[in-house]
Amino acid sequence: MRPPSPSPEQLGPPEAEEAEDGAAPVPAPRPRRRVTWQKLTVLPAFLLALLLATWLWFRGADLDSIARNSIADGNVWLRLRQHVVLTVVSTFFVLVIAIPLGILLTRRRVRPAAPAVIAVANVGQATPAIGLLALLVIWLGIGMRAALVGMVVYAVLPVLANTIAGLRAIDPTLVEAARGIGMSAVGVLRRVELPLAVPLILAGVRTALVLNVGTATLAYFGGGGGLGDLIASGITNQRMPVLVLGSVLTVALALLVDWLASLAELLLRPRGLGAS
Amino acid sequence: MAEAAPRPPEGRAETSGATVRTSGATIQTSGATIQLENLTKRYPGNPAPAVDCVNMDIKAGELVVFVGPSGCGKTTTMKMINRLIEPTSGRIRIDGEDVTGIDPVRLRRKIGYAIQASGLFPHMTVAQNIALVPRMTGWSKRRIAERVEEMLDLVGLDPGEFQGRYPRQLSGGQQQRVGVARALAADPPVLLMDEPFGAVDPITRDHLQDELIRLQHELHKTIVFVTHDFDEAIKLGDRIAVLRERSHIAQFDTPEAILTNPADDFVSGFVGAGAALKRLNLTRVRDVGVVDFPTATIDDPLQTIFERLRAGTTNEVLLLDRHHRPYKWLRRGDLMRAKGSLVRAGTLVHDTVTRDATLRDALEAVLIDNAGRVPVTGRRGRYEGVVDMETLMNSVHELLEEDRLDAVEHQHLLEEQRAQQVLEEQEGTTDAPEELA
């Protein structure tokens, strides 16, 4: 065994060790670390600095009663929590709906329906989120529920499209090989198709998460709460510090979520698929 | 090249195989018969069937090669055996059992399947890939681990080194070996191979073919092998089915018979030019007999060597070294010119062939040699005799003549059998497949 290689990037295709039968020295499978320390530290450090700077600036800012009022009673903390809940719950429903639907639409019998379903999902995403939300509020009434439904409709497409693309991108000879050695249909899906589609599905999930952090700011307009509340009150009352606070928190949350998702992508990607 | 391959120690596979066998369920090691009866595949919207009424009897432990131009339906025919493609009509029997209607998943677990470009799953290690079928059939963990090592040994890969690797960390040839190991892992009686060596370079392919022959020698599976390469078919097949469009069997016979007596123009077109040359690949030097040649060793006194030279009909002797290996060709005048010094006299032997070499290799060596002969060596390079142009020519003529006679006889036999079968069918007492088996 060799010492662990310092850089996982070198894990590209193994040196063409064509000396048939391993007569030549070939690189032993190295324990690989996919998550580098840069990956782990750079973004959190940046976020920390950003938040610290905002906090310092905010403390030094000159706040009047209106501004103070809009951040009183732990309002910031409450909105942040609401925002996270909105994001997590909507993403959960997106996954529960889009992934099984994507799997279903790649099964042989249902495949013809795929374009139609994608078109519908496309409509969901093409509609301006705020308009969609307004319509849903009329239908479902004011509150978090309307906001959640809107966010789910809005974010289904990337996950659905990526699930379908991921499953379709699999070399059909591999699927046939799996059937040929005696795997059942469920076995082929579970052991071969899904693991191979994981990278693309995860990429879709990451997109959906980041989208949801963004659209969750609109939940405020339907009475769903979230950081949109701070932003809106900052705008309507013309209080710059409040507006900046809300925006910075949203941006930081989006970056954090994206970072977490990118870590998940690295860790959940099946080994053996090549370093990305 | 051949020496580079780490061969598993002889008999190792057998012994560990035995321990595996005692520790678990019954395993059927040798092959099973396969019968195809009126096997037909039609695709909707196409009036002409893709495979039209194939009838074939494959014996247990036989390696049958389906060969034919691309699009002739050979792969479709093969995939109907494990029902990756469901036949439209007709019947498949494996070991006498009608498998046309049974659960295809259960069927496929008893049939090994190896395809072009290995078909390994990239997200699983070599060991996981090989363990797939045993795991699905419910073997114990320990038994699977043992089996994986045994299989890697069998295909000539070091288990310690390769088990934990992912397919993309292997060369094409190594992947193909693992593919074969996976196909054999649950010890199926039947093995289907769909152009398994089509995607590797010629040298590796040659090597893998040799390995397959060796494996088959040990395992005696029933193998159906699909290829479009006729030379591969000749090299590997016990029998070859030459297929034409819609999987019509143009000829189904031994390689010798097909080479010497092609059934029709299609087959001879497929055999291509140089059938006699290809025939040379099927015979080894040991089969044709070598001729003696006057020899002397370098330890013999000069006087003896002189006498041999004078007495011999060829006015040349082959000088052997202390270990009886061919060393120099010595002509009558050589010693004179070298003033009696053996060290300087004569020309060095630069090429020898072993008894296991094919006649084609021998012919090549003979053609290159300026006197048209080449020494044959046995164990440890010891001299065994000489082949020359004349012996080669004679034996090739004899071989071809023999083949021709065989083929004619075979034809007769087949016709008789067919007549017999027809007769029996008419009498209603038929069970033709058993009759043939």
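Residues numbered from 1 in each chain as written. Chains lettered and ligands numbered in written order. Predicted model: local features only at pLDDT ≥ 70, side-chain atom pairs only at ≥ 80, totals over all residues. Heavy atoms only, no water.

Student: Describe the overall build of chain B, listing the residues and the values that go with them.
Tutor: A tally of helices and strands in chain B yields 18 helices and 17 strands. Sequence separation of 24 or more characterises 62% of the internal contacts of chain B that already satisfy a separation of 6 or more. Summed over all atoms, the accessible surface of chain B reaches about 20800 Å², with 50% contributed by carbon and sulfur. (Helix = DSSP H or I, 4+ residues; strand = E, 2+ residues; numbered from the N terminus. Contact = heavy atoms within 4.5 Å. Areas by Shrake-Rupley, 256 points an atom, 1.4 Å probe, with all protein chains shown as cover.)

Student: Tell me about the overall build of chain A, residues and numbers included.
Tutor: The number of helices and strands found in chain A is ten helices and zero strands. When the elements of chain A are put in sequence order from the N terminus, they spell out α-α-α-α-α-α-α-α-α-α. Out of the 276 residues belonging to chain A, those deemed buried represent 44%. At a minimum sequence separation of 6, the contacts of chain A that also span at least 24 residues come to 79%. Only carbon and sulfur atoms are counted for the fraction: they give 69% of the accessible area of chain A, which is about 14300 Å². (Buried < 20%, exposed > 50% of the residue type's maximum accessible area, 1.4 Å probe, protein only.)

Student: Requested: an account of the packing of aromatic side chains, with residues and values cited.
Tutor: Enumeration over the complete set of coordinates arrives at four aromatic pairs over all chains. A ring pair is formed by Phe92(A) and Phe93(A), whose centres lie 5.4 Å apart and whose planes are at 75 degrees; its orientation type is edge-to-face. Look at Phe293(B) and Trp329(B): their rings are 5.4 Å apart centre to centre, the planes differ by 85 degrees, and that puts the pair in the edge-to-face class. You can see Phe293(B) sitting in the loop between α13 (285–288) and β11 (295–297) and its partner Trp329(B) sitting in strand β13 (residues 326–331), a full 36 residues away along the chain. Across from the ring centre of Trp139(B), 3.7 Å away, lies the NZ or CZ of Arg143(B), which sits over that ring. (Phe/Tyr/Trp six-rings, centres within 6.5 Å; stacked < 30°, edge-to-face > 60°. Lys NZ or Arg CZ within 6 Å of the ring centre and 35° of its normal.)

Student: So what's going on with the sheet that holds strand β4 (residues 89–94) of chain B? Residues and values would help.
Tutor: To summarise the sheet geometry, strands pair through backbone hydrogen bonds and adopt either a parallel or an antiparallel arrangement. All names here are of chain B. A sheet is described by the order of its strands in space; here four strands give the open sequence β2-β1-β4-β5, paired in antiparallel fashion. If you trace the sheet from one side to the other, it starts and ends with β2 (51–58) and β5 (97–98), each paired once. When β4 meets β5, the two strands line up antiparallel, connected through two bridges. Within the sheet, the bridge partner assigned to Ile94 lies in β5 and is Glu97. (Pairing = 2+ DSSP bridges.)

Student: Tell me about a positive patch on the surface, and please be specific about residues and values.
Tutor: Residue and element names in this part refer to chain A. There is a patch of like positive charges on the surface, built from Arg108, Arg109, Arg111 and Arg168. Looking at the element boundaries, Arg109 is found in the loop between α3 (75–106) and α4 (114–126). Here Arg109 falls in the exposed class, since its relative accessible area comes to 82%. (Patch = residues over 30% accessible without salt bridge, like charges linked within 9 Å, V, L, I, M, F, W, Y side chains within 5 Å. Salt bridge = Lys/Arg side-chain N within 4 Å of Asp/Glu carboxyl O. Lys, Arg positive; Asp, Glu negative; His and termini not counted. Charge placed at Lys NZ, Arg CZ, Asp CG, Glu CD.)

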